[in-house]
Amino acid sequence: MRILWHNCQIVTMAEGRYNLIKEASLITGDGKLLWVGEEAGRPDIAVDEHKDLQGRLVTPGLIDCHTHSVFGGDRSQEFEMRLNGATYADIAAAGGGIASTVKATREASEQQLLESARRRINALRKDGITTLEVKSGYGLSLEDERKMLRVIRQLGQSLPLTLHSTCLAAHALPPEFKGRSDEFIAEICDNWLPALHAEDLVDAVDAFCEHLAFSVAQVERVFIKARELGLPVKLHAEQLSLLHGAGLAARYNALSADHLEYLCEEDIALMAEHGTTAVVLPGAFYFLRETKKPPIELLRQYQVPMAISSDLNPGTSPVLSLRLMMNMACTLFGLTPEEALAGVTLHAARALGVSDTAGSLEPGKEANFVAWEIDHPAELSYWLGGTLSKQVIYQGKEVWND
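Since the structure is predicted, the reported quantities are computational estimates derived from the model, not experimental observations.

The rules behind these values
- Residues numbered from 1 in each chain as written.
- Predicted model: local features only at pLDDT ≥ 70, side-chain atom pairs only at ≥ 80, totals over all residues.
- Heavy atoms only, no water.
- Pairing = 2+ DSSP bridges.
- Helix = DSSP H or I, 4+ residues; strand = E, 2+ residues; numbered from the N terminus.
- Axes fitted to C-alpha atoms, helices over the stretch in contact; angles between N-to-C directions.
- UniProt positions renumbered as here; feature names shortened; annotations may be inferred.
- Contact = heavy atoms within 4.5 Å.
- Phe/Tyr/Trp six-rings, centres within 6.5 Å; stacked < 30°, edge-to-face > 60°.
- Buried < 20%, exposed > 50% of the residue type's maximum accessible area, 1.4 Å probe, protein only.
- Salt bridge = Lys/Arg side-chain N within 4 Å of Asp/Glu carboxyl O.
- Parallel < 35°, antiparallel > 145°, perpendicular 65-115°, else oblique.
- Left-handed = near helix turned anticlockwise from the far one by under 90°.
- Nonpolar A, V, L, I, M, F, W, Y, C, P; charged D, E, K, R; others polar.

Structural notes on the sheet that holds strand β9 (residues 234–237)
Spatially, four strands are ordered β9-β10-β11-β12 in an open sheet, and the strand pairing comes out parallel. Unpaired on one side and paired on the other, β9 and β12 (306–308) mark the two borders of the sheet. Along the sheet, successive strands turn relative to each other by an average axial angle of 25°, direction set aside.

Focus: the UniProt feature "binding site: N-formimidoyl-L-glutamate" (unreviewed entry) in the chain
The UniProt entry lists Y138, N313 and G315 under the feature "binding site: N-formimidoyl-L-glutamate" (unreviewed entry), expressed in the numbering used here. The greatest C-alpha distance among the annotated residues, which extend across 178 residues, is 11.3 Å, indicating that they converge on a single site. Mapped onto the fold, Y138 is located in the loop between β6 (129–135) and α5 (142–158). In this structure Y138 touches H68, V70, F71, I98, T101, V102, T105, E145, M148, H171, N313 and P314, once residues within four positions along its chain are discounted. Looking at the secondary structure, you find G315 in the loop between β12 and α12 (322–333). Beyond its immediate stretch of four places on either side in the chain, G315 contacts R75, R82 and F287.

Topic: the packing of aromatic side chains
Per the stated rule, a full pass over the model turns up nine aromatic pairs. A ring pair is formed by W5 and F369, whose centres lie 5.4 Å apart and whose planes are at 85°; its orientation type is edge-to-face. Of this pair, W5 sits in strand β1 (residues 2–11) while F369 sits in strand β13 (residues 369–372), placing them 364 residues apart in sequence. This pair shows no difference in class: W5 is buried, exactly as F369 is. For the ring pair F79 and F287, a centre distance of 5.0 Å and an interplane angle of 20° mean the geometry is stacked. One end of the pair, F79, is in helix α1 (residues 76–83); the other, F287, is in helix α10 (residues 282–287), and 208 residues separate them in sequence. The class of F287 is buried, set by a relative accessible area of 18%.

Re the pattern of salt bridges
For the coordinates displayed, the defined rule picks out 24 salt bridges. When the shortest N-O distance is used, the salt bridge between E110 and R150 registers 3.1 Å. Here the residue E110 occupies a position in helix α4 (residues 110–125), and R150 occupies one in helix α5, the gap between them amounting to 40 residues. When its relative accessible area of 40% is taken as the criterion, R150 is described as partly exposed. Here D127 makes a salt bridge to R323, at a shortest N to O gap of 3.3 Å. Of the two residues, D127 is situated in the loop between α4 and β6 and R323 in helix α12; the sequence distance between them amounts to 196 residues.

Quick word on the packing of α4 against α5
Between α4 and α5, the shortest axis-to-axis distance is 10 Å and the interhelical angle comes to 50°. Classified by the angle between their axes, α4 and α5 sit oblique to one another. In this structure, the crossing between α4 and α5 has a hand that is right-handed. Residues E110, L113, L114, A117, R118 and I121 of α4 pack against K147, R150, V151, Q154, L155 and S158 of α5. When the residues that make up the contact of α4 with α5 are grouped by side-chain class, the tally is six nonpolar, two polar and four charged.

A few points about the environment of L324
One can find L324 in helix α12. Considering only alpha carbons, one finds L324 and G386, 62 residues apart in sequence, at a separation of 9.6 Å.

Re the pairing of strand β14 (residues 390–394)
The side chains of a regular strand alternate, first on one face of the sheet and then on the other. Counting buried positions along β14 gives five out of five residues, so the element sits mostly inside the fold. Neither face of β14 is left uncovered, since the one carrying K390, V392 and Y394 and the one carrying Q391 and I393 both have all their residues buried. Here β13 pairs with β14 via four bridges, running antiparallel. In the strand pairing of β14, A371 is matched with Q391.

Some words on the sheet that holds β6
In space, the four strands of this open sheet follow the order β5-β6-β7-β8, with parallel pairing throughout. The two strands at the open ends of the sheet, each matched to only one other strand, are β5 (62–64) and β8 (204–207). With strand direction ignored, the average angle separating the axes of adjacent strands in the sheet is 20°. The sheet contact formed by β6 and strand β7 (residues 162–170) spans five bridges and is parallel. Each bridged residue has a counterpart across the sheet, and for V134 the counterpart in β7 is S165.

Written as structure tokens, this is what we have:
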């Protein structure tokens, strides 16, 4: 069925720019964009239905390219403890930190994880998200990582958006492997990744490269195994210190390196050379009250695409609004509103390896777009909180209207 969506303005985000088209329209069919442009130049294509967008401003569907949306419990009590003066060591000694989330996730049933994640993802969808990445990494056993990844697949089947499933088994050291991190990495590489990949539960492989997690050498072993399995990689890198994880990720042609507060020019050059997208996560920066900012100007100089994501997780970024992250990327990191919109559309698609099918409004791409009741695209980064009136179109069908 071919549909003409007319009476609108369109921000295509082709090449990461607004590329505003006034008095515009779109034609969709079979879930794809068949034509996008000025209404006056619309080709003679037969359509089955006309949809009046009432002068709204149309953007690509938003993409949240780094989340940990599936987990058990929450850590609101730890948040209160920190604000009352407790240290990280105090919280860990009381059974808190990531260990508490691992415990809660292991104890939760698949159905409980599914229901709680669906609520969080529906909150994110209120901002016009049509594509979402979700990581495992709170199970830290083969059985519980499988459980998380199965939930991600089920969410993708039941919600009107595209979900990408990332295996983050190398997230933290589980208690049963205390003092044996090399053995844990071997277990992931030799047994977990092959098994989970064989069950079609994994779209990409991620790891946490940091002093409190895994070394560059250990992460490289994970990347080598991912390469053997034909899986793309990405990396949590340079969040708390400079270990040159981003450079390693680039050399393995990683889709993205994420966080990047301590990123150096040498590794930025490698990211530019290998086409690795930089994903900045202002929610974690804000929530942890960090002061070291990602080197945005250097990323601009080397023309490294910059994506923005919510990093939704229970410990360091309990974020339920991607638009709020767009504002924070502007106010805290100095991105422009145009860069912020590119960061949740085309560049976020690059961070997931799907920029050929998503992230901009161009013929041949998926018909995922949002018709906003706003006058200028900068408003998406300007307004703090709340819900902007919109229609969300996913694969050519309206899935949200408020």
